[in-house]
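Residue strings, one per chain:
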Amino acid sequence: MIYSKEYPNQQILDLALNKEILIGYCNRKAYNIEPYKNWFDKWYEKLEPEIYFLNKLNKEFLKNIEIIIFAASWCGACRVEIARFYKIFDTLQIPFDNVTVLYVNRLKKIPGFDITPFEINRVPTFIFYQDKNEIGRIIESPKDTLEADLLEIQNKITLS
């Protein structure tokens with residue numbers, strides 16, 4: 001199986017869970033597939049981004065950084081934070097051009113695709129890059145909320 005941007009939203013059978021999971025590159029269309037649609041829609045509708053932080057986020061900053069997200073379709077925290085991330089970007093009307101979402105298996109790996117350099121130990125992991133340099137990470141759960149942590153990363157960069 002080829003896990004690439006050209007073939008997104010692949011699924012494999014997880015024998016331990018005895019169900020299909022997402023693996024490799026995924027795009028928004030993955031959340032139109034059951035059972036992923038069920039949890040994505042539930043959390044997307046339920047979560048309301050914090051307007052205070054949204055008003056302080058710089059859309060140009062978010063449009064001009066690269067974001068790589070490592071997630072797992074079997075992970076409860078991933079389900080919530082992925083839906084929240086999409087809701088934030090949709091609310092701010094930011095395109096997903098610079099966002100890559102990669103789904104891992106229960107070993108936090110993608111078969112045939114070396115993610116070792118990213119040092120993924122927990123999911124979700126959001127990695128933020130500016131000019132190919134890592135400028136921040138959100139690992140497993142935000143310190144505060146996803147939008148507050150995004151603002152913290154933005155402020156760290158714009159103040160330096």
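Scroll up a little and you will see the structure.
Thresholds applied
Residues numbered from 1 in each chain as written. Predicted model: local features only at pLDDT ≥ 70, side-chain atom pairs only at ≥ 80, totals over all residues. Heavy atoms only, no water. Helix = DSSP H or I, 4+ residues; strand = E, 2+ residues; numbered from the N terminus. Expected span 1.5 Å × (residues − 1). Buried < 20%, exposed > 50% of the residue type's maximum accessible area, 1.4 Å probe, protein only. Axes fitted to C-alpha atoms, helices over the stretch in contact; angles between N-to-C directions. Contact = heavy atoms within 4.5 Å. Nonpolar A, V, L, I, M, F, W, Y, C, P; charged D, E, K, R; others polar. Salt bridge = Lys/Arg side-chain N within 4 Å of Asp/Glu carboxyl O. Pairing = 2+ DSSP bridges.

1. Some remarks on helix 5 (residues 146-158)
Okay, step 1: When the terminal C-alpha atoms of helix 5 are compared, their 18 Å separation across 13 residues agrees well with the 18 Å that a helix rising 1.5 Å per residue should span.
Okay, step 2: Turning to helix 5, its buried residues number three or more, namely L146, E147, A148, D149, L150, L151, I153, Q154 and I157.

2. Description of the packing of helix 4 (residues 76-92) against helix 5
Okay, step 1: With their axes 10 Å apart at the nearest point, helix 4 and helix 5 run at an angle of 65 degrees to one another. Across from E81, R84, F85 and I88 in helix 4, the residues of helix 5 making contact are L146, E147 and L150.
Okay, step 2: Partitioning the contact of helix 4 with helix 5 into residue classes produces 4 nonpolar, no polar and 3 charged.

3. With respect to helix 4
Okay, step 1: With 17 residues, helix 4 extends 25 Å from end C-alpha to end C-alpha; this agrees with the ideal 24 Å at 1.5 Å per step.
Okay, step 2: Within helix 4, 12 of the 17 residues are buried, which leaves the element mostly enclosed by the surrounding structure.
Okay, step 3: Every buried residue of helix 4 is listed here: C78, V80, E81, I82, A83, R84, F85, Y86, K87, I88, F89 and L92.
Okay, step 4: Phi for Q93, located one or two positions after helix 4, is positive at around 55 degrees.

4. Quick look at the pattern of salt bridges
Okay, step 1: With the rule as written, the count across this model stands at 9 salt bridges.
Okay, step 2: Note that R84 and E147 form a salt bridge whose closest N and O atoms lie 3.3 Å from each other. Of this pair, R84 sits in helix 4 while E147 is found in helix 5, placing the two residues 63 residues apart along the sequence.
Okay, step 3: Among the salt bridges present, the one from R122 reaches E140, with a minimum N-O distance of 3.3 Å. Taken together, the residues R122 in the loop between strand 4 (99-103) and strand 5 (125-130) and E140 in the loop between strand 6 (133-139) and helix 5 connect sequence positions 18 residues apart.
Okay, step 4: A relative accessible area of 34% places E140 in the partly exposed class.
Okay, step 5: Here the salt bridges share partners, and the residues they tie into one network are E81, R84 and E147.

5. Thoughts on the sheet that holds strand 3 (residues 66-71)
Okay, step 1: Ordered in space as 1-2-4-3-5-6, the 6 strands form an open sheet in which the pairing is mixed. The open sheet has two free edges, formed respectively by strand 1 (10-14) and strand 6, since each of these has just one partner strand. Within the sheet, the average angular offset between the axes of one strand and its neighbour, ignoring direction, is 25 degrees.
Okay, step 2: Sheet topology note: the strand 1/strand 2 (residues 19-26) ladder contains 5 bridges and is antiparallel. Its bridge partner lying in strand 2, D14 is registered against K19.
Okay, step 3: Contacting strand 2, strand 3, strand 4 and strand 5, helix 4 runs over the sheet at an angle of about 155 degrees to strand 3.
Okay, step 4: The sheet strands contacting helix 5 are strand 5 and strand 6, and the helix crosses strand 6 at an angle near 155 degrees.

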